Amino acid sequence: MTQELLNQPEARVGDKVLEVRDLNVTFPSEAGMVKAVRGLSFDLNKGEALAIVGESGSGKSVTSLAVMGLHPPTTRITGSIKLNGVELLGQSDAEMSRLRGRKLAMIFQDPLSALTPVYTVGDQIVETILAHDMMGKSAAERRAVELLDLVGIPNPRERVKSFPFEFSGGMRQRVMIAMAIANDPDVIIADEPTTALDVTIQAQVIEVLQKAQQETGAAIVMITHDLGIVAGTADRVIVMYAGRPVEKGSVDDIFYRPRMPYTIGLLGTVPRLDQSTSGEALPVLEGNPPSVVNLPPGCPFRARCPMAIDVCATVEPDLMLTENPGHTAACHRLPEVVNGNLTHVDIFGVPKLTESPLAGTPREERPVVLQLTDLKRHYPLMKGAIYRRRVGTVRAVDGIDLDLREGETLGLVGESGSGKTTTLLEILNMAKVTDGTIELLGHNTTTLSRRDRKALRRNVQVVFQDPMAALDPRLPIFDIIAEPMGVYGYSKADIESRVADLMRLVGLEPNHADRYPQHFSGGQRQRIGIARALSLEPKVLVLDEPVSALDVSIQAGVINLLDDLQARLGLSYLFVAHDLAVIRHIADRVAVMYLGSIVEIGGVEQVYRSPMHPYTQALMSAIPIPDPVTERSRNRIVLSGDLPNPADPPSGCKFRTRCQKFAILSDADRKACIEIPPALASTGPDHRAACHYPEVVEVV
């Protein structure tokens, strides 16, 4: 069977290459049999892009592994998966190995773990080619260089000899794409290929993936939770919930004419870069998906659906055709949701936020809670094992000025390596810096005694990116929240009372305090982290990517919680994120960092409506918008390359080596960019940019 498939002539664009019928995937667990995929069917044509979306646990990745034949032997898979008319289910692992990389290819979420660290990237691409092609090794090596060049790796002849750790995250993902297209497969499965990447690198990877599809004509299955990416790349969409498809249709059907309440809820919770929602609550999708071990009878979405009726409790709805060809949805109330006549607000409503007592107070009249003045953090670059010597300096933070006022949120954005996390660490460490000062609540933290530092530290707390990694899995939730209070001498009675109050404050049940972190969902774990951070009644919260690891539906609830807590408690937030849509919603002001310096800063609406620095414009351009028409018509600015080495930054303007504007300047105008570092200069009320030639460019 496998040989028959390998000998088939190449499919033409529009031909059916993948047929999945009534796919069911079940595997054992300690809790029982997990029904991960239940009755999934779809067709995929050559040259087509299909997106599979849904919350974590909906069965997206399990589906991709079933198609690739990568599930362990204990997994029970029924139904049918046909590639070019040949059945894949029942084929041995040896037979599937002949197809993987040749007819079927996969791009995994984490390229660093997917690539072998002890072999060069060239060797790994060559191995992929030689496993399926009879060409000689020298020809395969030439092909590897061609592939690296195709996916945009600079200096491919030299970089083909590099190891994975010598590449950035975006470049490693490009290598994975090069391996996937090496043998011109018929189907490429991309499983969350941009999740861990900066927005600028994400835009590069998506562009490379689309280019690779054009070069090979392959069909793509895109598995993602980013609905903006779906809007810009997919032809058709499958929405999954609790292991089942609940809506299927063209990308326009799903985004403009959704018929399943879950789809409407999912789309409504996405913060949008092109819409200002500052001061308003984000629409939310309350609750969590049910366990697929013991599914209740009826519609799995019933517990979260305000439109549920009696029949929803007993009968699970099948996919039914809507008035649009090829558009199906699984809902008992399908006739009542016609052509998008019901929005998220109509079905789920909008939560109310507490109004801040500081809302009417001008920024200038609010006290400063955090002030950074010419802050620098430089690290020595050392060489040698026995005789160590300094060979350079890494300028992680290189002279930044910013202030944070009471009840205000300052967003700090920029790519990985721009200095955001180092800035946070300098604030949290409260220790001597390379140069400059940090003032917290009027105290210079670099000159404090150990005792004073401990007293002040309770006023600045942190919420981390990964709530599971931040919480001790050996401790119950009560002990996790209570621990800081024990350090600062709270009485046992006060701790017990305050833990219960904090759990209620963040929307958790106090009677769940004896449970452990693994018993909670991702969003609930992040709420636990917020409760712990609030336990000492701080004035400042440092939030390091607090929602990036969460599903979009859960993300909205956490953002609303943070908004509400700020209004109630008068908190000030220093909020680090790479998602500029989230920053637009939650922040009052935004600072854009590049290679250790602030290149633009100002009120969030001023910066978003009138971005003046080319780097800010590129960041905003890279953020996908969940609107197919908008995505098709956007002129995206795709930056070339990665951040320069902070130990050897470019002269003059640090951004000039990647600047889209520098490339079109005259030689005379370029001279200033090459020789003179631009200073932050005023471009309007509460708006400054560090560019020799600032101008507004429409990017949304």
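Above this text sits the structure in question.
The structure reproduced in this document is the subject of the present report. Since the structure is predicted, the reported quantities are computational estimates derived from the model, not experimental observations.

Right, let's talk about unusual backbone geometry for a bit. The backbone of aspartate 22 sits at a positive phi, close to 45°, despite the residue not being glycine. Aspartate 22 gets classed as partly exposed once you look at its relative accessible area, which sits at 46%. Even without being glycine, asparagine 155 reaches a positive phi, approximately 50°. Topologically, asparagine 155 is positioned in the loop between helix H6 (137-150) and helix H7 (156-159). The exposure class assigned to asparagine 155 is exposed, which follows from its relative accessible area of 52%.

Further remarks concern the sheet that holds strand E17 (residues 443-444). Pairing within the open sheet is antiparallel, and its four strands lie in the order E14-E13-E16-E17. For this open sheet the edge positions go to strand E14 (389-405) and E17, each flanked by a neighbour on one side alone. As defined by bridge partners, strand E13 (residues 368-383) adjoins strand E16 (residues 435-440) across five bridges and the pair is classed as antiparallel. Looking at E16, one finds that leucine 372 is bridged to isoleucine 438. Helix H14 (residues 420-429) contacts E13, E14 and E16 of the sheet and is inclined by roughly 110° relative to E13.

Bringing the packing of aromatic side chains into the picture now. Considering all chains together, one arrives at seven aromatic pairs under this definition. Ring geometry for phenylalanine 163 and phenylalanine 165: centres 6.0 Å apart, planes at 15°, overall stacked. For the ring pair tyrosine 262 and phenylalanine 301, a centre distance of 5.4 Å and an interplane angle of 65° mean the geometry is edge-to-face. On the criterion of sequence distance, the pair formed by tyrosine 262 in helix H12 (residues 261-268) and phenylalanine 301 in the loop between H12 and strand E11 (320-321) is long-range, its members being 39 residues apart.

Counting through the fold element by element, arginine 453 comes out in helix H15 (residues 450-457). Here arginine 453 sits buried without a salt bridge, and the closest side chain of opposite charge, aspartate 452, lies 9.0 Å off (N-O distance). Beyond its immediate sequence surroundings of up to four residues, arginine 453 is in contact with Asn429, Met430, Thr445 and Leu448.

Within strand E21 (residues 589-594), six of the six residues are buried, which leaves it mostly tucked inside the rest of the structure. Side-chain alternation along E21 places Arg589, Ala591 and Met593 on one buried face and Val590, Val592 and Tyr594 on a second face that is also buried. Bridge count for strand E15 (residues 409-413) against E21 is four bridges, and the pairing is parallel. Paired with leucine 410 across the bridge in E21 is arginine 589. Sheet topology places E21 next to strand E22 (residues 597-603); six bridges connect them, and they run antiparallel. The partner of valine 590 across the bridge, within E22, is glycine 602. Hairpin connection, E21 to E22: the antiparallel pair is bridged by two residues, and leucine 595 has positive phi, about 50°.

Reading the values: rules and limits
- Residues numbered from 1 in each chain as written.
- Predicted model: local features only at pLDDT ≥ 70, side-chain atom pairs only at ≥ 80, totals over all residues.
- Heavy atoms only, no water.
- Buried < 20%, exposed > 50% of the residue type's maximum accessible area, 1.4 Å probe, protein only.
- Helix = DSSP H or I, 4+ residues; strand = E, 2+ residues; numbered from the N terminus.
- Pairing = 2+ DSSP bridges.
- Contact = heavy atoms within 4.5 Å.
- Axes fitted to C-alpha atoms, helices over the stretch in contact; angles between N-to-C directions.
- Phe/Tyr/Trp six-rings, centres within 6.5 Å; stacked < 30°, edge-to-face > 60°.
- Lys, Arg positive; Asp, Glu negative; His and termini not counted.
- Salt bridge = Lys/Arg side-chain N within 4 Å of Asp/Glu carboxyl O.

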